[in-house]
Amino acid sequence: MKEFTNRLALHAEWVLCFFLLLGGVLAAAAGIRYILRRRQKKKSVKGRAEWLYNFLSDNPFQTYIFLRGADAFPFFVSENVEQVFGLTKSEMDTDVFALARCMKPEEAHKLERQYRNWNRREPMAAEFSFVNPQNERRGEASLWVQYRKKEDVYVLVLEDIS
C-alpha cells in the first residue's frame with residue numbers, strides 16, 4: 001500500500017505540473033487574444049476615422065467645418081473649401097469668419113443677426129450668395145449649423161446649391 005501511495009504522490013506532482021503548465025498556456029493564449037482584439041479594434045477605428053476624414057474632405061458640393069464652442073477655433077475644415085468658396089484651408093483654419101469676405105456685407109450681417117438670435121437647441125439653417133474670390137464665380141450656398149452642447153462643438157455644413 002505504501003508503494004502505491006508513493007507512486008500516486010509521484011504522479012500527483014506530474015499532474016499538478018501539467019495543470020499548472022496548462023493554466024499558464026491558457027492564460028497566455030487569453031492575453032494574446034486580448035491584445036490582438038485590441039489591435040484589431042484600433043485598426044478598425046483608425047480605418048473608420050480615415051474613411052470619415054476622406055468623405056468630409058472629398059465631397060465636391062459640401063464643405064464641413066467643426067468649431068470649438070469656447071473660442072470658435074476651427075479644428076477641422078474640409079479640404080474642398082478652396083474649390084467651393086475660393087478660400088484656402090489655412091485662411092479658414094486661422095479665421096473662420098473669412099467666409100464673410102465671400103459675401104455681400106448685408107448678407108454677412110443678416111447671417112450674424114440670425115446666429116445671435118439662434119437658440120442652439122435646433123439646427124440653424126440659412127442660404128446666402130457668395131463670390132469665389134479666386135475665379136469670380138458667383139453662387140448660392142446653404143448653411144446648416146448644429147451645436148453639440150455635450151462636446152461644446154459647432155458643426156457647420158456649407159453646400160453649394162448653385
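That block above? That's the structure.
Residues numbered from 1 in each chain as written. Predicted model: local features only at pLDDT ≥ 70, side-chain atom pairs only at ≥ 80, totals over all residues. Heavy atoms only, no water.

**Looking at the overall build of the protein chain**
Now for step 1: If you tally the helices and strands in the protein chain, you get four helices and five strands.
Now for step 2: Starting at the N terminus and walking to the C terminus, you meet the elements of the protein chain as α-β-β-α-α-α-β-β-β.
Now for step 3: Counting across all 162 residues of the protein chain, residues that qualify as buried make up 29%.
Now for step 4: Partitioning the intrachain contacts of the protein chain with sequence separation of at least 6 by distance along the chain shows that 37% fall at a separation of at least 24.
Now for step 5: Carbon together with sulfur atoms contributes 61% to the accessible area of the protein chain, which is approximately 11800 Å² in total. (Helix = DSSP H or I, 4+ residues; strand = E, 2+ residues; numbered from the N terminus. Buried < 20%, exposed > 50% of the residue type's maximum accessible area, 1.4 Å probe, protein only. Contact = heavy atoms within 4.5 Å. Areas by Shrake-Rupley, 256 points an atom, 1.4 Å probe, with all protein chains shown as cover.)

**Focus on unusual backbone geometry**
Now for step 1: In this structure, Arg120 takes a positive phi of about 65° despite not being glycine.
Now for step 2: Phi angles above zero are rare outside glycine, and Asp152 is one such case at about 55°.
Now for step 3: Among the structural elements, Asp152 can be located in the loop between strand S4 (138–148) and strand S5 (153–160).
Now for step 4: According to the relative accessible area criterion, Asp152 is partly exposed, its value standing at 29%.

**Comments concerning helix H4 (residues 105–116)**
Now for step 1: Compared with an ideal rise of 1.5 Å per residue, which puts twelve residues at 16 Å, H4 spans 16 Å between its outermost C-alpha atoms and is within 8% of the ideal.
Now for step 2: Listed as buried for H4 are Glu107, Ala108 and Leu111. For H4, the arc enclosing every buried residue in end-on projection is 100°, short of the 170-degree limit, so these residues lie on one face. What points out from H4, more than 90 degrees from its buried face, is the exposed set Pro105, Glu106, Arg113 and Arg116.
Now for step 3: Lining the buried residues of H4 we find strand S3 (124–131) and S4. (Expected span 1.5 Å × (residues − 1). Arc of directions from axis to C-beta.)

**Structural notes on the pattern of salt bridges**
Side-chain pairing between opposite charges can occur once the charged atoms of the two side chains come close.
Now for step 1: As enumerated under the stated definition, the model contains seven salt bridges in all.
Now for step 2: The partner of Asp95 in a salt bridge is Arg101, with the nearest N and O atoms 3.3 Å apart.
Now for step 3: Accessibility expressed as a relative area gives 53% for Arg101, which makes it exposed.
Now for step 4: A single network of salt bridges, built from pairs that share partners, joins Glu91, Asp95 and Arg101. (Salt bridge = Lys/Arg side-chain N within 4 Å of Asp/Glu carboxyl O.)

**Here we look at a nonpolar patch on the surface**
Now for step 1: Together, Trp51, Leu52 and Phe55 line one region of the surface with nonpolar side chains, adding up to about 340 Å² of accessible area.
Now for step 2: Relative to the helices and strands, Phe55 is located in helix H1 (residues 2–58). (Patch = residues over 30% accessible without salt bridge, like charges linked within 9 Å, V, L, I, M, F, W, Y side chains within 5 Å.)

**Notes on the sheet that holds S5**
Now for step 1: Read across the open sheet, the five strands follow the order S2-S1-S5-S4-S3; overall the sheet is antiparallel. Each of the sheet's edge strands pairs with one partner strand only, and the pair in question is strand S2 (74–77) and S3. Sheet twist, expressed as the mean angle between neighbouring strand axes with direction ignored, is 20°.
Now for step 2: Judged from the seven bridges that link them, strand S1 (residues 62–68) and S5 form a sheet pairing that is antiparallel. (Pairing = 2+ DSSP bridges. Axes fitted to C-alpha atoms, helices over the stretch in contact; angles between N-to-C directions.)

**Some words on the side chain of Asn132**
Now for step 1: The residue Asn132 is located in the loop between S3 and S4 in this model.
Now for step 2: The class of Asn132 is buried, set by a relative accessible area of 2%.
Now for step 3: Apart from residues no more than four positions distant in its own chain, Asn132 is found in contact with Glu82, Gln83, Val84, Phe85, Gly86 and Arg137.

**Quick word on the packing of aromatic side chains**
A ring pair, where both rings are aromatic, is described by two values, the distance of the centres and the angle of the planes.
Now for step 1: Using the criterion set out here, one finds eight aromatic pairs in the structure.
Now for step 2: Geometrically, the ring pair formed by Tyr115 and Trp118 is tilted, given 6.0 Å between the ring centres and 45° between the ring planes.
Now for step 3: For Tyr115, a relative accessible area of 32% corresponds to the partly exposed category.
Now for step 4: Relative accessible area serves as the criterion here: at 9%, Trp118 is assigned to the buried category.
Now for step 5: Arranged with centres 6.0 Å apart and planes meeting at 50°, the rings of Trp118 and Tyr154 form a pair that is tilted. Here Trp118, found in the loop between H4 and S3, pairs with Tyr154, found in strand S5; they are 36 residues apart in sequence, far enough to count as distant.
Now for step 6: Here Tyr154 falls in the buried class, since its relative accessible area comes to 9%. (Phe/Tyr/Trp six-rings, centres within 6.5 Å; stacked < 30°, edge-to-face > 60°.)

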